[in-house]
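Below, each chain spelled out in residue letters.
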Amino acid sequence: AGEVLDSVYSSFEFAAHILVFTIYSCMAVLLYPFIALYSVDFPDHAQYLQYSYVLAFTISGVLFSLRMPTQMLTNAAGHYDQTKWHAVIEGAINMTLSLALVRPLGMIGVLIGTAACFLYRLFQSIVYANRHILTGKTIPRTVLRLLRNGVCSVLMIILGTKLLMP
């Protein structure tokens, strides 16, 4: 039963991660022109028209969405109580870093805190699912997929911004 679950979960994780990276790559390329177009009448237009905001929102969204397969697996297995403290730690990381970075960095500091807590929860959920639900052999495969998809996503974003922005 464990091998079958690993195989089905692997296929689901593969599809979900590719979908997440593809959607957020499109967001990274298209959000800046969208903000430029629709914030032109704002008095503080230049403040919002920074690519660092686009990247910070994109990274936060990717990190949040990538944990979906392992979170669904954990919830389906009924392991909510065993992982609730990880959610508390996630919130503490977010609040601590966001409050520490909001004054020196503004909104980017808050987004860094958010991305950090999502990164913690992503890897925590991967490790938990592999230790307690799956057979424990899938962590290297998942990390390799994340790295491969991340590199492809960065290349798509670079190409997209170089081709679309001008």
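Description of the structure in this document. Note that the structure is predicted; figures quoted are calculated from it, not measured.

1. Considering the pattern of salt bridges
And then number 1: Going through the model one piece at a time under the given rule, you end up with three salt bridges.
And then number 2: A salt bridge links Arg67 to Glu90; the shortest N-O distance between them is 2.7 Å. Within this pair, whereas Arg67 is found in the loop between helix H3 (51–66) and helix H4 (68–76), its partner Glu90 is found in helix H5 (residues 80–105), the two being separated by 23 residues in sequence. The two residues Arg67 and Glu90 agree in class, both being buried.
And then number 3: A network of salt bridges, in which partner residues are shared, links Arg67, Glu90 and Arg121.

2. Some thoughts on the packing of aromatic side chains
And then number 1: Enumeration according to the criterion identifies three aromatic pairs in this entry.
And then number 2: With centroids separated by 5.7 Å and ring planes inclined at 55°, the aromatic side chains of Tyr32 and Tyr51 adopt a geometry described as tilted. On the criterion of sequence distance, the pair formed by Tyr32 in helix H1 (residues 2–38) and Tyr51 in helix H3 is long-range, its members being 19 residues apart.
And then number 3: For Tyr51, a relative accessible area of 23% puts it in the partly exposed group.
And then number 4: Their ring planes at 45° and their centres at 4.8 Å tell us that Phe34 and Tyr38 sit as a pair that is tilted. Residue Phe34 and its partner Tyr38 are both found in helix H1; the two are separated by four residues, about one turn of the helix.

3. Examining the side chain of Gln124
And then number 1: Structurally, Gln124 is set in helix H6 (residues 107–132).
And then number 2: In this structure Gln124 comes out as buried when scored by relative accessible area, which is 9%.
And then number 3: Looking at Gln124, its side chain comes within polar contact range of the side chain of His86, at 3.5 Å.
And then number 4: Apart from the residues lying within four places of it in its own chain, the contact partners of Gln124 are Thr83 and His86.

Criteria and thresholds
- Residues numbered from 1 in each chain as written.
- Predicted model: local features only at pLDDT ≥ 70, side-chain atom pairs only at ≥ 80, totals over all residues.
- Heavy atoms only, no water.
- Salt bridge = Lys/Arg side-chain N within 4 Å of Asp/Glu carboxyl O.
- Helix = DSSP H or I, 4+ residues; strand = E, 2+ residues; numbered from the N terminus.
- Buried < 20%, exposed > 50% of the residue type's maximum accessible area, 1.4 Å probe, protein only.
- Phe/Tyr/Trp six-rings, centres within 6.5 Å; stacked < 30°, edge-to-face > 60°.
- Polar contact = N/O pair within 3.5 Å; in protein donor to acceptor, adjacent residues only side chain to side chain.
- Contact = heavy atoms within 4.5 Å.

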